[in-house]
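Residue strings, one per chain:
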Amino acid sequence: KTLQVIAFILHLREKQGRKTHLLVLPTSLVHSWETELEKFAPKLHHHIHHGPNRSKSTEGFENHELVITTYSNLVTDIEFLKNFQFDYIFLDESQNIKNTTSQRYKAARLLKARNRLAITGTPIENNVFDMYAQLSFACPGLLGSKTFFRHTYAVPIDKFKRRDSAKALQDTVSPFILRRTKKEVARELPEKTEITIFCEMGPEQRRVYDAYEKEFREYISAHDGDEIDKNPMHVLRGITRLRQICNSPQLVGEDKLNGEVPAKIQTLMEQLRNITKNHKVLVFSQFVSMLDLIQNELKKENIKHVTLTGSTKNRGTVVKQFQEDEETRVFLISLKAGGTGLNLTAADYVFLVDPWWNPAVENQAIDRVYRIGQEKHVIAARLICPDTIEEKIQLMQEDKSHLAKKLIGANGSVFKSLGRDGLMGLVNI
């Protein structure tokens, strides 16, 4: 997607002369875009509007072909950014404006431009309404009002799984969407294999899991659907705890398991001891505390590694070390901080420590390795504890993938679409 946008800007220059375009992106991608621009379009004049010393006006913007800013800067500086007439506005990882009540969405809608493009690999992360927000930026008026969209598409698709509504929405949006799969864009990419590795809990870890699961199940049983809908955070907290225990009971404050190593850490380290002799590896987790536990084990084994989380300041340096230093064999990455925007083709193995509802998000993580320039056979492995909520999540992913393929990588709303019975199904193994 990055290269397509760069090529498109150069094409616009040839067609209409130099104009000023705006690119809005997550802070974590600023370095990646700078690197790509320097590599593929060194003569494209760009300006980074970011950091504490950035200007407090648009003065000088007209001297650059591309102004790059972040979503947070967009919100802070919208009072003067909204007065500049850009030629094109590009929103990278446009799911950042998926919430129509957010300041990011409202600020993006105030920008002025001749044309607008929303760019993303995961246009729908939570529910179909995510698409409304992004397309109302790129194609204002296409999907009508929020009320119309909710009654005509969102509720029928998310809640009632209406295929005719999904088809009608697809027919409406498809002329305005360029969707290119990796197979279409990079046919020279080598094979990719995805596998599931089952990690059987030991008796102590199972005891902790069963106790928390029993508590969560009793909570669901004691409340009706309306009460559960009014307290979604309690449900989310309960599900998150169960997922954390699958990683390690230490993540929920439990003591070490009387010498017993958590199943996933044991399995992962067995894999890494063999694989890292000849391969570089990415390890993703949504829980930074889990990455800390894995890092402790890597240190014991003297396996050289780097880590990228939301608190990492020198992202570019860390990425460069992993890509270029032959001795650095493992890259520990939090899914939120590094699930998008990174090119890590030095690796050919990916481990997803904990599964998530949306398979598109997991695929984005895997695709940090499976990118243009990759020459090796890529192997991606998901670590799953059997007879737990993780196995249920995996089944839900398979069920939702049918809708995902129809609605451009969509996945239905998670908790609201589950309802009380669905939640009970998660813990009735």
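All figures in this text were calculated on a predicted structure; none of them were measured in a lab. (Residues numbered from 1 in each chain as written. Predicted model: local features only at pLDDT ≥ 70, side-chain atom pairs only at ≥ 80, totals over all residues. Heavy atoms only, no water.)

Draft legend 1. Focus on the side chain of arginine 54. Within the secondary structure, arginine 54 sits in the loop between β2 (46-49) and β3 (66-70). One polar contact links the side chain of arginine 54 to the main-chain carbonyl oxygen of glycine 51, over a distance of 2.9 Å. Side-chain polar atoms of arginine 54 contact the side chain of aspartate 77, separated by 2.7 Å. (Helix = DSSP H or I, 4+ residues; strand = E, 2+ residues; numbered from the N terminus. Polar contact = N/O pair within 3.5 Å; in protein donor to acceptor, adjacent residues only side chain to side chain.)

Draft legend 2. Structural context of the sheet that holds strand β10 (residues 349-352). Overall, parallel pairing links the 6 strands, which are arranged β6-β11-β10-β7-β9-β8 in an open sheet. Among the strands making up the open sheet, the edge pair consists of β6 (192-198) and β8 (305-308). Each strand of the sheet is rotated relative to its neighbour by a mean of 20°, with strand direction disregarded. As judged from the 4 bridges shared by β8 and strand β9 (residues 330-334), these two strands associate in the parallel manner. Within β9, the residue paired with threonine 307 across the bridge is leucine 332. Where helix α12 (residues 263-275) meets the sheet, its contacts fall on β6, β7 (281-285), β10 and β11 (378-384), and the angle it forms with β10 comes to roughly 175°. (Pairing = 2+ DSSP bridges. Axes fitted to C-alpha atoms, helices over the stretch in contact; angles between N-to-C directions. Contact = heavy atoms within 4.5 Å.)

Draft legend 3. Molecular detail of the pairing of β10. Alternating residues of β10 divide into Tyr349 and Phe351 and Val350 and Leu352, and every residue in both groups is buried. When β7 meets β10, the two strands line up parallel, connected through 4 bridges. Each bridged residue has a counterpart across the sheet, and for leucine 282 the counterpart in β10 is valine 350. (Buried < 20%, exposed > 50% of the residue type's maximum accessible area, 1.4 Å probe, protein only.)

Draft legend 4. Representation of the confidence of the model for the chain within the structure. When pLDDT is averaged along the chain, the result is 88; 90% of the residues meet or exceed 70. Contacts from residues 408-414, a stretch scored under 50 in pLDDT, to residues over four places away or in other chains number 30 contacts. (pLDDT = per-residue confidence, 0-100.)

Draft legend 5. Inspection of the nonpolar core at higher detail. Formed by 43 residues in total, the largest nonpolar core has its most connected members in Val283, Met290, Ile294, Leu298 and Phe351. For phenylalanine 351, the residues in contact, after removing those within four places along its chain, are Ile197, Leu268, Gln271, Leu272, Ile275, Val281, Leu282, Val283, Phe284, Ala381 and Leu383. Ranked by size, the runner-up nonpolar core spans 37 residues in total, among them Val24, Leu74, Ala108 and Ala166. (Core = buried A, V, L, I, M, F, W, Y, C linked by side-chain atoms within 4.5 Å.)

Draft legend 6. Highlighting the packing of aromatic side chains. In the structure shown here, the tally under the stated rule is 12 aromatic pairs. Judged by centre distance (6.4 Å) and plane angle (85°), the rings of phenylalanine 8 and phenylalanine 90 are edge-to-face. Of this pair, phenylalanine 8 sits in helix α1 (residues 2-16) while phenylalanine 90 sits in strand β4 (residues 85-92), and the two are 82 residues apart along the sequence. The class of phenylalanine 90 is buried, set by a relative accessible area of 1%. Ring centres of tyrosine 88 and phenylalanine 90 lie 5.8 Å apart, and the angle between their planes is 15°; this geometry places the pair in the stacked category. Overall, tyrosine 88 belongs to the buried group, its relative accessible area being 11%. The side chain of lysine 280 reaches across the aromatic face of phenylalanine 322, ending 4.9 Å from its centre. (Phe/Tyr/Trp six-rings, centres within 6.5 Å; stacked < 30°, edge-to-face > 60°. Lys NZ or Arg CZ within 6 Å of the ring centre and 35° of its normal.)

Draft legend 7. How the structure looks around the packing of α1 against helix α2 (residues 30-40). Relative to each other, α1 and α2 sit at 50°, their axes nearing to 11 Å. Taken together, α1 and α2 sit at an angle that is classed as oblique. In this structure, α1 crosses over α2, and the sense of that crossing is right-handed. On α2, the residues that touch Thr2, Leu3, Val5 and Ile6 of α1 are Trp33, Glu36, Leu37 and Phe40. In the contact of α1 with α2, the residues fall into 6 nonpolar, 1 polar and 1 charged. (Parallel < 35°, antiparallel > 145°, perpendicular 65-115°, else oblique. Left-handed = near helix turned anticlockwise from the far one by under 90°. Nonpolar A, V, L, I, M, F, W, Y, C, P; charged D, E, K, R; others polar.)

Draft legend 8. Representation of a negative patch on the surface. Where like charges cluster on the molecular surface, the negative patch consists of Asp224, Asp226, Glu227 and Asp229. Residue placement: aspartate 224 occurs in the loop between α9 (203-221) and α10 (225-230). Given the relative accessible area of 40%, aspartate 224 is considered partly exposed. (Patch = residues over 30% accessible without salt bridge, like charges linked within 9 Å, V, L, I, M, F, W, Y side chains within 5 Å. Areas by Shrake-Rupley, 256 points an atom, 1.4 Å probe, with all protein chains shown as cover. Salt bridge = Lys/Arg side-chain N within 4 Å of Asp/Glu carboxyl O. Lys, Arg positive; Asp, Glu negative; His and termini not counted. Charge placed at Lys NZ, Arg CZ, Asp CG, Glu CD.)

Draft legend 9. Highlighting helix α16 (residues 359-366). Burial analysis of α16 places 7 of its 8 residues in the buried class, which makes it a mostly covered element. Restricting attention to buried positions, one finds in α16 the residues Pro359, Ala360, Val361, Glu362, Gln364, Ala365 and Ile366.

Draft legend 10. Seen up close, the sheet that holds β4. Strands sit in the order β2-β3-β1-β4-β5 across an open sheet of 5 strands; the sheet is parallel. Two strands lie at the open edges of the sheet, namely β2 and β5 (112-119), each paired on one side alone. Between one strand and the next, the sheet's axes are offset by a mean angle of 20°, whatever the strand orientation. For strand β1 (residues 21-25) and β4, the ladder comprises 3 bridges, and the chain directions are parallel. Paired with valine 24 across the strands is leucine 91, a residue of β4. Sitting on the sheet, helix α3 (residues 71-81) is in contact with β1, β2, β3 and β4, with an inclination near 120° to β3.

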